[in-house]
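Close look at the chain arrangement
Listed here are the chains, written in short residue letters.
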Amino acid sequence: MDTGKVSRIVKIGDPDADILYKEGREVTEFGKSIIDFAKDLIATMRAARGIGIAAQQVGRSERALVIDVSKGVDKSTTCKSDNKIVRIRNISPIIMFNAKVENHSKETRVGIEGCLSVPGQEGEVERYISVEISYQDENGKSHRLACNGLLSICSQHEIDHNNGIVYTKKAIKVSRKV
Ligand SMILES: [Zn+2]
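Residues numbered from 1 in each chain as written. Predicted model: local features only at pLDDT ≥ 70, side-chain atom pairs only at ≥ 80, totals over all residues.

Observations concerning the nonpolar core
Selection criterion: As used here, a nonpolar core is made of buried Ala, Val, Leu, Ile, Met, Phe, Trp, Tyr and Cys residues. They are joined through C-beta atoms within 7 Å. Exposed residues have 12 or fewer other C-beta atoms within 10 Å of their own C-beta, buried residues have 20 or more, and residues in between are partly exposed; the C-beta atoms are placed from the backbone. A run of H or I in DSSP becomes a helix once it reaches four residues, and a run of E becomes a strand once it reaches two; helices and strands are each numbered from the N terminus.
Membership of the largest hydrophobic core comes to 41 residues, with the highest contact counts inside it found for A38, L41, A64, L65, V66 and I67. Elements that contribute at least two residues to this core include exactly α1 (32–47), β1 (52–54), β2 (64–67), β5 (94–104), β8 (130–136), β9 (142–148) and α3 (149–162). Ranked by the residues each element gives to this core, the list is headed by α1, at 6 residues.

Listed below in structure tokens is the structure:
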């Protein structure tokens, strides 16, 4: 996959920050332009040293997100992709369109999160321990991803962005990052 273009990240308080609070629209057409968009999201996430980014964070309305937690988890950490156990590093970066949490654990956990759109801050957010997500890839093919740990938390955070929710709205406490 060749590299995409680095986009400007929309931050809370920016004149165009409205997009961060709007529910994303479903992607129904797949092809070159959506693949190029996914590449741009990956390039932008990497340039910002993030582990995930959603379309709304670059000023776009699509239900699109990319995730790469491979550097934040152990090399052998696995998840279930289309019912097969795979190493997260082998399927990263993960590109998801129209991602939706289909099932989740009853148990939740409070953890610290940050966001590229909320620089200099971090917050305590309650998330499901494990989730099962349905999504479409850049070719429109449907997939299921079952995960826990960092991938589960990051997926819930990015899917929230697609739904117009910034983590600060859910956070128990937000404070300046030290
Ligand atoms: Zn975020």
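Considerations on the sheet that holds strand β6 (residues 108–113)
The condition is simple: At least two DSSP bridges between two strands are required for those strands to pair. Convention adopted: a line fitted to C-alpha atoms gives each axis, helices being fitted over their contacting stretch, and angles between N-to-C directions are expressed from 0 to 180 degrees.
On the basis of which strands lie adjacent, the open sheet formed by 3 strands has the order β6-β7-β10 and antiparallel pairing. Because the sheet does not close on itself, it has two edges, and the strands there are β6 and β10 (173–176). Shown here is a sheet whose adjacent strand axes are inclined to one another by a mean of 25°, direction ignored. Direction of pairing for β6 relative to strand β7 (residues 121–128): antiparallel, over a ladder of 6 bridges. Paired with R109 across the bridge in β7 is R127.

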